[in-house]
Amino acid sequence: MPERLAEMLLDLWTPLIILWIALPPCIYMAPMNQSHVLMSGSPLELNRLSEEQRILNRSKRGWVWNQMFVLEEFSGPEPILVGRLHTDLDPGSKKIKYILSGDGAGTIFQINDVTGDIHAIKRLDREEKAEYTLTAQAVDWETNKPLEPPSEFIIKVQDINDNAPEFLNGPYHATVPEMSILGTSVTNVTATDADDPVYGNSAKLVYSILEGQPYFSIEPETAIIKTALPNMDREAKEEYLVVIQAKDMGGHSGGLSGTTTLTVTLTDVNDNPPKFAQSLYHFSVPEDVVLGTAIGRVKANDQDVGENAQSSYDIIDGDGTALFEITSDAQAQDGIIRLRKPLDFETKKSYTLKVEAANVHIDPRFSSRGPFKDTATVKIVVEDADEPPVFSSPTYLLEVHENAALNSVIGQVTARDPDITSSPIRFSIDRHTDLERQFNINADDGKITLATPLDRELSVWHNITIIATEIRNHSQISRVPVAIKVLDVNDNAPEFASEYEAFLCENGKPGQVIQTVSAMDKDDPKNGHYFLYSLLPEMVNNPNFTIKKNEDNSLSILAKHNGFNRQKQEVYLLPIIISDSGNPPLSSTSTLTIRVCGCSNDGVVQSCNVEAYVLPIGLSMGALIAILACIILLLVIVVLFVTLRRHKNEPLIIKDDEDVRENIIRYDDEGGGEEDTEAFDIATLQNPDGINGFLPRWGLPTQWWEERNPIQTACF
Ligand SMILES: *[C@@H]1O[C@H](CO)[C@@H](O)[C@H](O)[C@H]1NC(C)=O
Ligand SMILES: *[C@@H]1O[C@H](CO)[C@@H](O)[C@H](O)[C@H]1NC(C)=O
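All of the points below concern the structure found in this document. (Residues numbered from 1 in each chain as written. Chains lettered and ligands numbered in written order. Predicted model: local features only at pLDDT ≥ 70, side-chain atom pairs only at ≥ 80, totals over all residues. Heavy atoms only, no water.)

**Overview of the overall build of the protein**
As a reminder of what qualifies: Working definition: helices are DSSP H or I runs of at least four residues, strands are E runs of at least two. Numbering for both runs from the N terminus. The cut-offs for exposure are 20% and 50% of the maximum accessible area for each residue type, with area from a 1.4 Å probe on protein chains only; residues under the lower value are buried, those over the upper are exposed, and the others partly exposed. Between two residues, a contact is recorded if the distance between any of their heavy atoms is within 4.5 Å. Computed by Shrake-Rupley with a 1.4 Å probe, the accessible areas treat only the displayed protein chains as cover when residues are assessed.
Scanning the protein from terminus to terminus reveals nine helices and 43 strands. For the protein, the proportion of its 716 residues judged to be buried stands at 38%. Contacts in the protein between residues at least 24 apart in sequence constitute 67% of all its contacts with a sequence separation of at least 6. Looking at the protein as shown, the accessible area adds up to about 40600 Å², and 54% of this sits on carbon and sulfur atoms.

Written as structure tokens, this is what we have:
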């Protein structure tokens, strides 16, 4: 019976046995899975087997190496038979035991150690583990001694379509510009299928759209989504929900499927022009509104968004184009009308403007649809405002002669209330600008009068501010600057430009110029000064001196003869009449003092003092010594005096000196103005006690004396 069975098996499996059991002794593996049995006969399997057989031929091993297949997800009532191990060692002589080890041996795969049948005792998942590597060995039943070297083989888990396609990156979002042409690519999506991509169609996906038609289409294989309608309008519908399905088994029935959603947002293009919400706007504005003030806003709506909705606003026409301007507010996307020039209710009470809003970013594709702009009319009504008085001139310049009589009218300012209900106006002088109250103003008629006498030589300009106040509303005030210029009147007589001191040499020659004098006049005649000089009428024929007018308006005094003598006459007084060219002219008499002096041969003044002259020329030695002694004594006295003063009280001189020094220092300091000039008391410099001033004042310039003859005078 066993022989017959063997024969039957042989008959049945001849092709396989030929292939698989090439060399004795060997184990052959008979795949028992029916589908696999059949599959193992396929040309591919045959090729592989023959290849393996060649390897076996070479290695001369006892195991037939092969792989077994088992379907995943099999869940029958019994464990599934995966295959059978067999060795062709003589089974009769020895009892053989099959041992299985490796991946899942004993836990997933169980072997019947007698028959060599391998069963899968657990459900398998190819997507979890696609193949198992196991080792089989035939051992002696009793001794457990290996009869063959171990042989490795693989159990492959065979795929079934147990995984649906999945969109791992969904849900998707995509954008496409509105107004796109039909077939514009939007995006593409990808589904994945965990099933075996190389075996069968379990992972062969086909895409379709379940929702979102007729707006979008999908390419079945590439899953590229395209627009299916031309010119979709964002302003009509902005967002579309597309449901996409991926189906495996090439889309055939029985396949598994997965879906995802794609949200398509249409992006804006500038396909809509701006449109004013109103065709007519009314604004009103008080006439006294500050320049630059926003008077009103106009807005052109645009169905587009972002920069496509941006419009620039312009005033394109109207009777107020010069007075108003419009600026575009990009934020609010409106236009702001502002005042550019002052309004005057009394002149014009309303304005009409034509404003235009034009899209900034035009899309040339749509510009043929018409102008991307709109216009509206703006009516602006000017409202009356209580305005301050307005002077007839922004400034006034008045001129007045310095001899103008008190209370005489210098000039007049006028102002009016520009309002319709014109209020009377009262004028006043801003007293901060006329601290000396030089002027008065008639509150009613604005006539400015002189309050105190003017003196051009003191102040040429009196710049004051006049205030105009509305009687009905005292808060309505205007100010105007009034510059009053004092005009010259010949009210000052000319006089010597300085205090001249003339010296006449005893040894001088006739016709010699003793002194040149010039005159000055505080007045400011238009054509400049021209002076006339003359001697007193009774002195016209002065035997001693004569005068000669020079080109430059100055005067030379000449000696008429020689032989002037100090002994005879020490000082001559020469009165000179100086008169100006005013109308009427003014004149004054200035007296020139001429002192007779002893001079060297070349005319250098040496001594003008009579006593010095009295000293005999051949002064005795004793007299000189006496003079010297006198000087020394005087010096000693002075020194003693000073020292005593210092030791006693606070020394007056030194104190004064210190004061002077301090005052000078303070005076030299910068800043302080009037306070500093107070600090500087010129009197302290002038030695009122005469402590330094033992120089007698003879009418000669002190300086001159100090320079030339201090000792002489001191000793006098
Ligand atoms: C007064 O105003 C006149 C004219 O504007 C100007 O020339 C002059 O300098 C001003 N004088 C003073 C002291 O401000
Ligand atoms: C001229 O000088 C003489 C003496 O030198 C004097 O007596 C006479 O008064 C002088 N005349 C005048 C007008 O000063």
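**Regarding the environment of Y240**
Within the fold, Y240 resides in strand β14 (residues 239–247). For the pair Y240 and A174, spaced 66 residues apart in the sequence, the C-alpha separation amounts to 9.9 Å.

**As for the site of ligand 2**
This is how it is decided: When we say a residue is near a molecule or strand, we mean one of its heavy atoms is within 4 Å of it. Polar contacts here mean pairs of N or O atoms no more than 3.5 Å apart (in protein, one a potential hydrogen donor and the other a potential acceptor; neighbouring residues in sequence count only if both atoms are side-chain atoms). Residues are grouped as follows: Ala, Val, Leu, Ile, Met, Phe, Trp, Tyr, Cys and Pro are nonpolar; Asp, Glu, Lys and Arg are charged; all remaining types, including Gly, are polar.
In the neighbourhood of ligand 2, the contacting residues comprise N542, P543, N544, Q569 and Y572. Y572 places a polar side-chain atom, nitrogen or oxygen, 3.0 Å from an oxygen atom of ligand 2. Split by residue class, the shell around ligand 2 holds two nonpolar, three polar and no charged.

**Considering the pattern of salt bridges**
Applicable threshold: For this document, the term salt bridge refers to a Lys or Arg side-chain nitrogen within 4 Å of an Asp or Glu carboxyl oxygen.
Applying the stated criterion to the full structure yields 22 salt bridges. Its salt-bridge partner being K373, residue E356 comes within 4.0 Å of it at the nearest N-O pair. One end of the pair, E356, is in strand β23 (residues 350–359); the other, K373, is in strand β24 (residues 373–383), with 17 residues separating them in the sequence. The exposure class assigned to E356 is buried, which follows from its relative accessible area of 14%. Note on K373: relative accessible area 42%, which makes it partly exposed. Of the charged contacts, one joins D445 and K447 as a salt bridge, the two residues approaching to 4.0 Å between their closest N and O atoms. Ionic contacts of the salt-bridge type, sharing partners, join the residues R234, E235, E238 and D268 into one network.

**Considerations on the site of ligand 1**
Residues in close proximity to ligand 1 include W461, N463 and A483, which together make up its full environment. Interatomic distance of 2.4 Å between a side-chain N/O atom of N463 and an oxygen atom of ligand 1. Relative to its unbound accessible surface of 360 Å², ligand 1 loses 35% to contact with the protein.

**As for the sheet that holds strand β30 (residues 439–441)**
The condition that has to hold: Each pair of strands is called paired provided DSSP finds at least two bridges between the two strands. Between N-to-C directions, angles span 0 to 180 degrees; the directions come from axes that are lines fitted to C-alpha atoms, helices contributing only their stretch in contact.
The three strands lie next to each other as β27-β31-β30, forming an open sheet whose pairing is antiparallel. Two strands in the sheet have a free side with no partner beyond their single neighbour: β27 (409–412) and β30. Put simply, the sheet's adjacent strands are angled 25° from each other on average, direction ignored. Two strands pair when backbone bridges link them, and β30 and strand β31 (residues 447–450) are joined in this way by three bridges, in the antiparallel orientation.

**Here's the deal with the sheet that holds β24**
On the basis of which strands lie adjacent, the open sheet formed by four strands has the order β17-β24-β23-β20 and mixed pairing. Of all strands in the sheet, those bounded by a partner on one side alone are β17 (280–286) and β20 (311–318). Between one strand and the next, the sheet's axes are offset by a mean angle of 30°, whatever the strand orientation. Taken together, the nine bridges between β23 and β24 define a ladder with antiparallel strand orientation. Residue pairing across strands places L353 opposite V378, the latter belonging to β24.

**Thoughts on a nonpolar patch on the surface**
Threshold: A patch consists of residues whose relative accessible area exceeds 30% and which take part in no salt bridge; residues with like charges are grouped when within 9 Å of each other, and nonpolar side chains (Val, Leu, Ile, Met, Phe, Trp, Tyr) when within 5 Å.
Residues L628, I632, V636 and L640 make up a contiguous nonpolar surface patch of about 380 Å² in total accessible area. Examined against the element boundaries, I632 turns out to sit in helix α5 (residues 621–647).

**Topic: the nonpolar core**
As a reminder, the rule being used: For our purposes a nonpolar core is just a set of buried Ala, Val, Leu, Ile, Met, Phe, Trp, Tyr and Cys residues, chained together by side-chain atoms within 4.5 Å.
Ranked by internal contacts, the top residues of the largest apolar core, which has 25 residues, are F276, V298, F324, I337, V378 and I380. When contributions to this core are tallied by element, the ones reaching two or more residues are β17, β18 (294–298), β20, β21 (324–329), β22 (334–339), β23 and β24. Look past the residues within four positions of I337 in its chain and what remains in contact with it is F283, T293, A294, I295, G296, V298, F324, E325, I326, L353, V378 and I380.

**Points about the pairing of strand β2 (residues 67–71)**
Burial within β2 is extensive, with four of its five residues counted as buried. Two elements, β2 and strand β8 (residues 151–158), share five bridges in a ladder whose sense is parallel. For V70, the partnering residue across the bridge sits in β8 and is V157.

Note that all results are geometric; they support no functional claim without further evidence.
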